[in-house]
Amino acid sequence: MTFVQLLFIIFAIPVVRCDHELPRFDGWYNNLERPQWGTVGMDLTSRIPRRDILHSDVHTFRVDPLPMNETRRLISKDRNVLLAYFSQFVEYEISDVSAMACPPELVFWQPCPSCPRVVYTRRLYDTHRSGFLRRHVNVATSFIDGSLIYGTSSTAASLQRSFVSGQMRLNDEGLPLRDRLLVESWYPSCRTGRINEAKDTYSIPSSQVLENPGLVALTTVFLRYHNVKASQLVLDNPRASDEWLFQETRRWVTAVLQNIIAYEWLPTLARAELPPYQHYDPTVDPAVSAEAIIGALQYYRTLVRSVLLSRDPTSKGCDDWESHSDWSRLCNSFHDNSFLQTSADLERLLFGMMTLAAGAEDATLVEDVSASWFGPLVQPRRHFVFWNHLRQLDFGLMSYAEIDDAYKNVSVGAAGHGHLHQRDVRDMGNMGNMGNMSAMSDFFSTALQVNMEERIPPLFTAILMDQFRRIRDGDRFWFERTMSAEDVRKVHRVRLMDVIVNATNLNASILPTTSFGLDSRCAAIGHVDAESCRELDVWDFFSGSEVIFVVSWLVLLLIPIVTIVVAFLCAARRKRMPGVFGRLYKEATIVREADKVKRDFIAQADQGVFLSETTEIKMDPTSHQLKLGGKQLTIDFSERTEWDIVMGMDHAGFLIRNPANYDPVIDCGYDRQRYETILGDMILGGARLVPNSDVVVDGIVFHLSHGTWKNILRTRKSPQDRKKEVETFFRTAFRRIYTDVPLDGGVDDGPDVGQCGIYDSTCTISRRELAKALALEMNSSFVKHLFEVIDADKDGRISLTELVSALVLLSKGTTEEKLKLMFRAFDEDGDQELSYKELVAMLRSLFELTDNGHYLESSDFQALVEEIMGGSESISFSSFLTFFGDMSRPRRRISVDWKGFRDVQARERRHAARQSRRANPISHVMHRIQPKSFGEVILCYAQNYRRQLVITFLYLMTCLALFIHKFITYAFFREELGLRRIVGYGGAFSRGGAAVISFSFSLQLLSMCRNLFTVLRNTPLHLFIPFDDNVTFHKLISYVGLLFTVIHVVGYAFNLYQLTTQPPEYLCSFPALKFEAGKMPDFTYWLFGVPGITGVLLILVISIIYVFASTPARRVHYRAFWMTHKLYVPLYVLVLLHGSLNILQEPFFWLFFVGPCIVFVLDKWMSLRRRKVEVEIVEAEPLPSQVIRLSFKRPQSFTYKSGQWMRLACPHLGSYDFHPFTISSAPFESLVSVHIRAVGPWTRAVRLLFSGSSLMVPEMIVDGPFGAGQQLWYEFEVSICVGGGIGVTPYASILKDFVHKINADPESVKCKKLIFIWVTQNQKHFEWLIDIMREVEQQDLQERISINVFITQFYQDFDIRTAMLYVCDRYFHKINNKSVFTGLRGVTNFGRPNFEAIFRDVAREYEPLRCFGVFSCGPPVLTRSVEQACIEASQNSKTSFIHHCENF
């Protein structure tokens, strides 16, 4: 077929001028009063009430098969096989119930213990009809209108036409073309066991015709007959159009077919004739009855022979037929299209059918129709009787007796038989094959066995007469009504034999005189031996897909992993990048290599093993001190008179038993000479190394022993063991303090304390271990003086007794006693006074702890010392007590913060509390603070974050509702799709996930509208929608989308496996699926289809976006994050394409997508409309802590508020990637400033770029400003701003802006008080901010700003050192009105702030107010603690603390 012809078929609407009305192909309007009667898709009819039986327990039904005579059964004496095959042709002409229900409903039934299991698929029914009873439909027309020849639609007929002279498309041999344009048959060939390919399949309108070669031959005959008649019409009407020729020929062929069926075939088969035609009766329903399909129209199967005979009609001598004939077994010829290849094959087959005797009309079937009948791929061999009985139950027919009663009064015409009942079915108990005659007995087999004569059962005759009378009388296009009398007479003279002779080259002289008789001049053929039926295996639909299935899913699983690897490679590539980035990574590599060497050495030392090649080993013969690794470990042999040394037998190394520390191991590898030098010469003074001997050096005895190297390493005391000993040491001391155990008490410390006794001389610690417990350096002045005070016996080590005595004083002593201890520690000469030098040493040791050593050289420090001295040369303890004596009043109980063992100290304190509660439970109950209920916490949290919770709740509930709705819909409510039956619940999960993905990915666009949020923040909507949390919401949507993407993909993993193991006909629920003719849809079909390819690409795109959006990837390679995030465009395109095939439903992603997409496009348009400004950096000032301040002149259109942010790009670095930074300048300033901290590649490169001495300052591109939650500070009367690290930059702008507005017009500012809390590890890290705060304090004449600084890189506020520093700072503040550490009016605090206490104090101070704004910016740890404090403070008071946070 040419392309032009195909276009004509699809689009052309032929207009034909005829003298008579043309019938439609689908049967519509064959009855004008009821146009739908007899049309395609109409219900089957029945004379008896039908019931839905198959819903019950069908496996309990029992039906015995009809007896089989195999191939040598009785044969007919006067009928040929052509009658059987034409009977089947007639059945398929008026009925087609082969279509199964969609979705497929399978019934598995074992009729008898010895019978094979039957797999039956319920037939198609009208799903639009309500009610419990199913109304099965006939997809063919009930009229005799040539539907097997022309099809049931104009499209099917057009595909059959050649559009030349009204003829049908046939090949050069006069056979139908093999291109499968019309039908799609999934029955396997019984010869090959495989589905026929397209090139081997005839293009015939009905797939039923392809069942066997006999049907194909008869259909081909009528196609040829059509072309013959069309050729005759062309001769008579040479100027007629193709359409007229086709319709007139169709009219004639249909009339001939009606005549043959009604007046030649029916009398022959039923042995009865229809009454003469009277007139068209519109009240007659021509619908095919279920009884006819199940019983009467199946009678021809008793006539079927087990062979197909092809006989040569041109052979000489009809008697010698065996040498000129071929035969084939029928059971091996089902759906075998290789039988007919040429015109001669067609003629041989037709001649063979006309001369082969039919089977006898008895109750037996050949094996080919019974046990070896064809079937689908899931059961290629079926038993027809069993299958037909299930079809009977499916159609709702009950028993033979009930049907027989319904047809008692049916007239059978002139040759009627009167009473139809030859034997009462109730008297059939003795019939062996029937067994128990239940109410659901098989109608077909019962009817055959009731009939005792070799003829059609009378009941079948009655059914046939009734059926075809209704078809004839109910058709207004019946030929005897529409044709002229002359044409009717011509049609009546045409027999099937005449059609065959006209359509083929067969000679009428050798054919039977009647179409279905055996009175041939050539001898009729009786018994024929044929091959046996082939065994066919059940088709393995998954076969051949195993490898690609596993590989495909492995590849999908590897996509995220490969993406992660690519991200690492991208980060590594930046090391080799030229320019600024190259220099940066080169410097970083050098530092990392040096750090690696250092780490390797420390790791070895931490294990207690010192390699002689890399470890510096020194021995001082005078002091007898062995130094390993410089200051790593020092062993003083003079501390003890006896030492144990274990030498390695199989390795050059040795171990020193060190009771006061861990046992060091010196490993010399295999260098024996170095081994002897270190041990023999350096340690033992040149003595010989003899095992099991003693060596005396200056009075010190060394006991030498030996052992295997493995045993030495196994039995040594490692640093970890020593760490446990020290921990046990402090645990014992803490427990004795907190449980009030006397030093000589005999109380058991419990199994977790260890074996460290109070008077055990080996339980001691060195100064290094004391320094580690205090988290200080060993050479710290404070550690040195404190160690000397605690070491009462001056033996250079602290015993448990000495430590407990000091802890008792520090924990339970008075302030005077604690200060006395500090006084004694620095009173080096013991004269009970501190000289100027000693006081300076004390204060210096305290200030060194704050990492504020530069202050020691300032004049302020000298003034502080002089104020404490009071003008004298020394200070007595009484004066010292007077100055520091009130330090405990505002603080908690003063002690020492054992920073290295805080967890041990806290654990022992809790243990002591538990012991105390057990001893006196009533007192603790009376003073116990009532815990906060869970409901109160939830209520308080909801009050503070009601906007965020409402939006989050609505979003999550919407996602959950969408998922549940789709899941329930496709799992339970959409049974007509049958998705659950085909793919299980995986389909429901995948559809639910797809709904959430569609909603979430669409909503994601709204969270990216920065310009829109900047505008909406200034509207009343910000009272209901937290626009400043758009990034958090963006991440939430991303996580939810990723979760349901995984659910969607996993669901499809199960779906695809199920789909690839299903027969193609079971996939009728997916009308959009089109399978290539002749090819089974394996896994590759699903993988390389539009959904499969787009799905794989979506997984790839999503993996790239999510991996490069992770925090580590974003910090290392921000440009990669920015570039990969632009993949959202192909992401949405792929999502649209992914569901475009309408496999299960109409695409619905666009319903969610259109609205957010329009808003997003408008937001992008706003960005493009706002021109990105290229600015010149006028000031670039490098600051401490890797910070640089960049300033540029404010562009004319650049208007911002304090707390907002902007984006910067630096083209000089080779890219236009934009990075967000908070504006640190105030809106009233002429220069716009940002403070950039070098923490990533881009920020480091910027700092290096602008820190150079080049006169050419690179330009930058500015985009913004954009809104942030910090800009809402002015909406609260009291605002609390908390900044940590570089997160203080927005508050630099806010502080300056607030002071400026207060000084300009105080009444115009709603905010009356601004409390700034600065949390930093060390104030010198952000000295630039201190300068700004000093400037702000100077301008804050009304003292509307309160600045509080917390230095966290120090000890808790209960520590005695912290308390003394507080006293110094407060005293200095009293004199100079500024902090000694920061120079600000606010008092400096040490340790982490207690935000809850601060907020409660603020609430009490400003008690009339009920709402405070809290703004935090910094690391997540800080913002989370502020958030928790807001919840706690709001719960414990009647005020609300509204929190706005930003993380970096």
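Shown above is the structure to which this text applies.
What counts and what doesn't
- Residues numbered from 1 in each chain as written.
- Predicted model: local features only at pLDDT ≥ 70, side-chain atom pairs only at ≥ 80, totals over all residues.
- Heavy atoms only, no water.
- Disulfide = S-S within 2.5 Å.
- Helix = DSSP H or I, 4+ residues; strand = E, 2+ residues; numbered from the N terminus.
- Buried < 20%, exposed > 50% of the residue type's maximum accessible area, 1.4 Å probe, protein only.
- Axes fitted to C-alpha atoms, helices over the stretch in contact; angles between N-to-C directions.
- Parallel < 35°, antiparallel > 145°, perpendicular 65-115°, else oblique.
- Left-handed = near helix turned anticlockwise from the far one by under 90°.
- Contact = heavy atoms within 4.5 Å.
- Nonpolar A, V, L, I, M, F, W, Y, C, P; charged D, E, K, R; others polar.
- Pairing = 2+ DSSP bridges.
- Core = buried A, V, L, I, M, F, W, Y, C linked by side-chain atoms within 4.5 Å.
- Arc of directions from axis to C-beta.
- Lys, Arg positive; Asp, Glu negative; His and termini not counted.
- Salt bridge = Lys/Arg side-chain N within 4 Å of Asp/Glu carboxyl O.
- Polar contact = N/O pair within 3.5 Å; in protein donor to acceptor, adjacent residues only side chain to side chain.

So, on to the state of the cysteines. One way to say it: the disulfide is the covalent bond shared by the sulfur atoms of two cysteines. With the rule as written, the count across this model stands at one disulfide. Covalent S-S linkage joins Cys 331 and Cys 533, the inter-sulfur distance amounting to 2.0 Å. Here the S-S torsion is close to -110°, and the disulfide linking Cys 331 with Cys 533 is therefore left-handed. In this pair, Cys 331 is assigned in the loop between strand 7 (325-329) and helix 8 (343-355) and Cys 533 in the loop between helix 15 (496-503) and helix 16 (546-573), connecting sequence segments 202 residues apart. Grouping residues by exposure puts Cys 331 and Cys 533 together as buried.

Next up on the list: the packing of helix 37 (residues 1090-1109) against helix 40 (residues 1128-1138). Any two packed helices are characterised by the angle at which their axes cross and by the distance between the axes. Relative orientation of the contacting elements helix 37 and helix 40 amounts to 155°, with a least axis distance of 9 Å. With respect to each other, helix 37 and helix 40 are oriented roughly antiparallel. Here helix 37 and helix 40 pass one another in a crossing that is left-handed. Across the interface between the two elements, Val 1090, Pro 1091, Thr 1094, Gly 1095, Leu 1097, Leu 1098, Val 1101, Ile 1102 and Ile 1105 of helix 37 pack against Tyr 1128, Leu 1131, Leu 1134, Val 1135, Leu 1137 and His 1138 of helix 40. Counted by class, the contact of helix 37 with helix 40 contains twelve nonpolar, three polar and no charged residues.

Before going further, it helps to spend a moment on the sheet that holds strand 12 (residues 617-620). Across a sheet, strands are paired by hydrogen bonds formed along the backbone, either parallel or antiparallel in direction. Ordered by their spatial adjacency, three strands build an open sheet running 12-13-14, and the pairing between neighbours is antiparallel. Both edges of this open sheet fall to strand 12 and strand 14 (633-636), since each of them pairs with a single strand only. The mean inter-strand angle of the sheet, taken between neighbouring strand axes irrespective of direction, is 15°. Pairing geometry for strand 13 (residues 625-628) and strand 14, over four bridges, is antiparallel. The residue of strand 14 that forms the bridge with Lys 627 is Thr 634.

A separate point is the nonpolar core. Counting residues in each nonpolar core, the largest one holds 132 residues, and the members touching the most others are Phe 86, Phe 222, Trp 265, Phe 443, Phe 460, Leu 464 and Phe 468. Examining the composition of this core, we find that 13 residues originate from one element, helix 6 (residues 242-270), more than from any other. Excluding residues within four positions of it along the chain, Phe 460 makes contact with Gly 295, Ala 296, Tyr 299, Phe 443, Phe 444, Ala 447 and Leu 448. In terms of nonpolar packing, the next biggest core, distinct from the first, is built from 32 residues, Leu 962, Phe 1033, Leu 1098 and Val 1101 among them.

This paragraph deals with helix 40. Listing the buried residues of helix 40 in full gives Leu 1131, Tyr 1132, Leu 1134 and Val 1135. End-on view of helix 40: buried residues confined to an arc of 160°, all on one side of the axis.

With that out of the way, let us pick up the side chain of Asp 145. Following the sequence through the fold, Asp 145 ends up in the loop between strand 5 (137-138) and helix 3 (147-150). The buried charged residue Asp 145 lacks any salt bridge partner; its closest oppositely charged side chain belongs to Arg 250, at an N-O distance of 5.7 Å. A polar side-chain atom of Asp 145 sits 2.9 Å from a polar atom in the side chain of Thr 141. With near-sequence residues (within four places) excluded, Asp 145 lies in contact with Phe 25, Glu 93, Tyr 150 and Thr 254.

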